[in-house]
2 protein chains.
Amino acid sequence: MIKRAVILSTGDELTTGRVVDSNSNYLSGKLSDIGVEVAAVITVGDVPERLEWAWRTAIGLGEVVISTGGIGPTADDLTTETIARIAGVGLWRDDASVEKIRRFFTSMNRVMPENNLKQAMFPEGATVVVNPVGTAPGFRIPITIDAHTSQVIVLPGVPREMKPMMEDTVIPWIQANRGSDTIFAVRSFQTFGISESGLDEVVAGLIAPTEGRVAFRASFPQISMRVTVEGRPGEADRKADELAARLRPKISEYVYAEGDNETMEGVVGRLLTERKLTVGIAESCTGGLIGHRLTNVPGSSSYLLGDLVTYSFSAKTGILGVSEQTLERYGAVSEQCVIEMATGARARLGTNLAIATSGIAGPDGGTPSKPVGTVCIGLVADGASVSRSYQLRGARDWIKLWTSQIALDWIRRHLLGLPISESNILRR
Amino acid sequence: MIKRAVILSTGDELTTGRVVDSNSNYLSGKLSDIGVEVAAVITVGDVPERLEWAWRTAIGLGEVVISTGGIGPTADDLTTETIARIAGVGLWRDDASVEKIRRFFTSMNRVMPENNLKQAMFPEGATVVVNPVGTAPGFRIPITIDAHTSQVIVLPGVPREMKPMMEDTVIPWIQANRGSDTIFAVRSFQTFGISESGLDEVVAGLIAPTEGRVAFRASFPQISMRVTVEGRPGEADRKADELAARLRPKISEYVYAEGDNETMEGVVGRLLTERKLTVGIAESCTGGLIGHRLTNVPGSSSYLLGDLVTYSFSAKTGILGVSEQTLERYGAVSEQCVIEMATGARARLGTNLAIATSGIAGPDGGTPSKPVGTVCIGLVADGASVSRSYQLRGARDWIKLWTSQIALDWIRRHLLGLPISESNILRR
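Source: prediction; values computed, not measured.

Analysis parameters
Residues numbered from 1 in each chain as written. Chains lettered and ligands numbered in written order. Predicted model: local features only at pLDDT ≥ 70, side-chain atom pairs only at ≥ 80, totals over all residues. Heavy atoms only, no water. Helix = DSSP H or I, 4+ residues; strand = E, 2+ residues; numbered from the N terminus. Buried < 20%, exposed > 50% of the residue type's maximum accessible area, 1.4 Å probe, protein only. Contact = heavy atoms within 4.5 Å. pLDDT = per-residue confidence, 0-100. Salt bridge = Lys/Arg side-chain N within 4 Å of Asp/Glu carboxyl O. Polar contact = N/O pair within 3.5 Å; in protein donor to acceptor, adjacent residues only side chain to side chain. 1 Å grid on protein atoms, 1.4 Å probe; cavity = no way out; pocket = protein on both sides within 12 Å on 5 of 7 lines; lining within 4 Å. Points joined across faces, edges and corners; volume = space filled by probe spheres on them. Nonpolar A, V, L, I, M, F, W, Y, C, P; charged D, E, K, R; others polar. Pairing = 2+ DSSP bridges. Axes fitted to C-alpha atoms, helices over the stretch in contact; angles between N-to-C directions. Phe/Tyr/Trp six-rings, centres within 6.5 Å; stacked < 30°, edge-to-face > 60°.

### Digging into the environment of A126 of chain B
All names here are of chain B.
Reasoning step 1: With respect to the helices, strands and loops of the structure, A126 is situated in the loop between β5 (121–123) and β6 (127–129).
Reasoning step 2: For A126, a relative accessible area of 11% translates into the label buried.
Reasoning step 3: Along the primary structure A126 and G383 are separated by 257 residues, whereas in three dimensions their C-alpha atoms are 64 Å apart.
Reasoning step 4: Not counting the four nearest positions on each side in its chain, A126 is found in contact with W92, F139, R140 and I141.

Given below as structure tokens:
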């Protein structure tokens, strides 16, 4: 029975902050996908007593332990010895692995350093996990402590070697040995215009804990909600669909996409592509961020013709044709100005629609009537000319990001025929 | 005595692979800087039994435990209750925190949802750690298990709230309670144009392990190098200055700033401000990213007049005045085109200098002669007209970011009178 995994990441580079542990993130995702709960991720440096503590702790907690790192050729690579000591076994040398490592060096016209032979040593009882990319093989060995047996799987720390080993060998092995006929089905929603706690209130009581688990994730400006159901294949999916259908009507006004990897700019890009429409942008306070986000989407050159960032008065008049009278009478941060900016961008770029932003991102530049956080957005298209002011709060980067999210949501709402006025500022 | 820390990261988003745990990386770096060893990082999901296990394990191992996440307003935020249960105490409501949360909502013209009051509840015996940015305060509480006392510090999971709390409150508190008369003095360099291992080679042997510790941090496109010295106050600073002076001449060609929080765009902004010069941008493949980065710097409206993102042929000719002949003969991704783009942006925006980018960010659009990653950069100023082609490698976002970094480094080098041709691509 393998239902519960522990991930072990080792290396001083992790405990001193030099490297972000992206391996654990990858492994967590892969294990979740096949219904194995990651009970814990434990990270320790290359210190013998910490490693032994971490391994004993991990083996005690998980039915499978997957570790990355610590099997290189150098003196601070201690994983293999640590496991052999805990298992109370000696080491054996795998001739096939020696041969493979030697061939690797020969193919590079290099002599194999003697310490690389260390990478062909395994605890007695271990099965080699082949490394199709590099020199360091991994291994798998069952270890029993206090009558609890855990399957220990050791992989290298280099992501480009670790990932194929995980996908080609480890995942199939776990699936074959999971000893369960249940799977996990997940349905997720991406929302904007409501806070995490607001969402929580809206869906409160809709799903009993016995039916599924609702969880939220806020990664500003994105708040996602997901419901997870465990059950037999087919059944779990049916139940997850049922729960998603129960949630959908309550949250639909905030949902801009369903699924895990959806971004606002991705949704906008897809809608523009489907409708064969082009968009132009005129940015002031967002400084290029809307263009940057839209051009993060592959293929955006087919609908985004240009983004005219006019940070100065002279650029607003000269590039976009905003009238000096408007700037004098209403100021650059005004609904009148953003309408003229959008109109100018649309005309000069020759696009179907255009969106414009102008605001005071701070920390300086605020006035009593237009404090920091005052933001105007305007959208112009055939038969549409909408502008609105917002009062946002937060630091400069936050105001820029928030404004860009509202602007992208305006485009989405315009394309879907939804009322733009409902694109609310995020209530945190 | 606080010599050994454990970092605790909680949240289903971490154990299911939806979010990379960058908080632990940040905290590990900060703790290492002040000489506190990170004995382990433990990550668990929002599951009561796992949380209790993780907290008991962390408290048993560390003299200080720093946790992030799990103190939001929703039902799956369980950290506060878990700690109170382990400490065997009840919860109290902090009126000052209630008031702060209520004011936050009032200032947004919203009614505070009742569940936000949860964020003002603390275990008895806890000291509130003020959150200067968001609604969720943190707290600190000493907890004793089996005669071992650990200082538990709980912070929110949102990095932009967690970081100021760490820097303003937690680090000074740990330093004051570390129980040692030595301090750690750090000198850091921000570099571009050389890899981590390249830097390591350049400075090899310059500093003996007994003098100080040299460490690297790679957070693309930034690679920083830092030297840390432990010693008595005054002494440690003198020694750190001496070591920095020893390193400086060896790495100066790669260093664009000294100090920890320096960015390339910040350096460029300061140079433009000092020299009272204005800049214009013409972007194609970077899509607005250069403008976005420059406008992240407060006060950038005094030197950045505009950024003309011309993603289409028609925008390049219509907005920037690039000749159709150039586009036909050399293509949009050519040194000829970027020079015309920069020339056009400079003329239309009326700036002292202008920079332009054009390239193939991928994943599609590559050809045999101009594969994905082909990037051209051009800079035009009084008496200067420089262009160059690069062949970059990586995914779309990576190529955009890398190109923006090279472009900003070109502006910096131009302003400092350094040869632009030495702004090398990063050797990964």
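### Let's talk about the confidence of the model for chain A
Reasoning step 1: Of the residues in chain A, 98% have a pLDDT of 70 or more, and the chain-wide mean is 91.
Reasoning step 2: The ipTM value of the predicted complex is 0.81, and its pTM value is 0.81.

### Some details on the interface of chain B and chain A
Reasoning step 1: Counting from both sides, the interface comprises 78 residues of chain B and, opposite them, 73 residues of chain A.
Reasoning step 2: The interface formed by chain B and chain A includes three salt bridges.
Reasoning step 3: For the salt bridge of R213 of chain A with D12 of chain B, the shortest nitrogen-to-oxygen distance reads 2.2 Å.
Reasoning step 4: Viewed at the interface, chain A and chain B are joined by 31 residue pairs in polar contact (both at pLDDT 80 or more).
Reasoning step 5: Looking at which element gives the most residues to the side of chain B that touches chain A, the answer is strand β2 (residues 37–44) of chain B, with eight residues.

### Regarding empty space enclosed by the protein
Reasoning step 1: Throughout the structure, instances matching the rule amount to three cavities of 30 Å³ or more.
Reasoning step 2: Empty space within the largest cavity amounts to approximately 190 Å³.
Reasoning step 3: Surrounding the largest cavity, 17 residues form its lining, D21 and T43 of chain A together with D21, S24 and T43 of chain B being those nearest its centre.
Reasoning step 4: Counting only elements with at least two residues in the lining of the largest cavity, the list comes to α2 (22–33) and β2 (37–44) of chain A together with α2 (22–33) and β2 of chain B.
Reasoning step 5: Of the residues in the lining of the largest cavity, the class split is seven nonpolar, eight polar and two charged.

### Focus on the sheet that holds strand β10 (residues 213–219) of chain A
All names here are of chain A.
Reasoning step 1: Across the sheet, four strands lie side by side as β10-β11-β9-β12; this open sheet has antiparallel pairing. Strands at the two margins of the open sheet, each flanked by one partner only, are β10 and β12 (255–258). Within the sheet, the average angular offset between the axes of one strand and its neighbour, ignoring direction, is 25°.
Reasoning step 2: Where β10 lies against strand β11 (residues 222–231), seven bridges are found, and the strand directions are antiparallel. Paired with R213 across the bridge in β11 is T228.
Reasoning step 3: The sheet contacts of helix α7 (residues 196–203) involve β9 (183–191), β10 and β11, and relative to β10 the element is tilted by about 160°.

### With respect to the packing of aromatic side chains
Residues and elements named next belong to chain A.
Reasoning step 1: Enumeration over the complete set of coordinates arrives at six aromatic pairs over all chains.
Reasoning step 2: Ring geometry for F104 against F105: centres 5.7 Å apart, planes inclined by 85°, an arrangement best described as edge-to-face.
Reasoning step 3: On the accessibility criterion, F104 (31% relative accessible area) is partly exposed.
Reasoning step 4: Looking at F105, the relative accessible area reads 5%, which means it is buried.
Reasoning step 5: Ring centres of F122 and F139 lie 5.8 Å apart, and the angle between their planes is 80°; on these two criteria the pair is classed as edge-to-face. Here F122 is found in strand β5 (residues 121–123), whereas its partner F139 is found in strand β7 (residues 138–145), with 17 residues between them in sequence.
Reasoning step 6: According to the relative accessible area criterion, F122 is buried, its value standing at 1%.
Reasoning step 7: A relative accessible area of 1% means that F139 is categorised as buried.
Reasoning step 8: Aromatic ring contacts, followed pair by pair, group W92, F122 and F139 into a single cluster.

### Quick look at helix α4 (residues 79–87) of chain B
The periodicity of an α-helix, 3.6 residues per turn, causes residues three or four positions apart to be oriented the same way.
Reasoning step 1: Listed as buried for α4 of chain B are T79, T80, T82, I83, A84 and I86 of chain B.
Reasoning step 2: Note on α4 of chain B: the residue one or two positions beyond its end, G88 of chain B, has a positive phi of about 70°.

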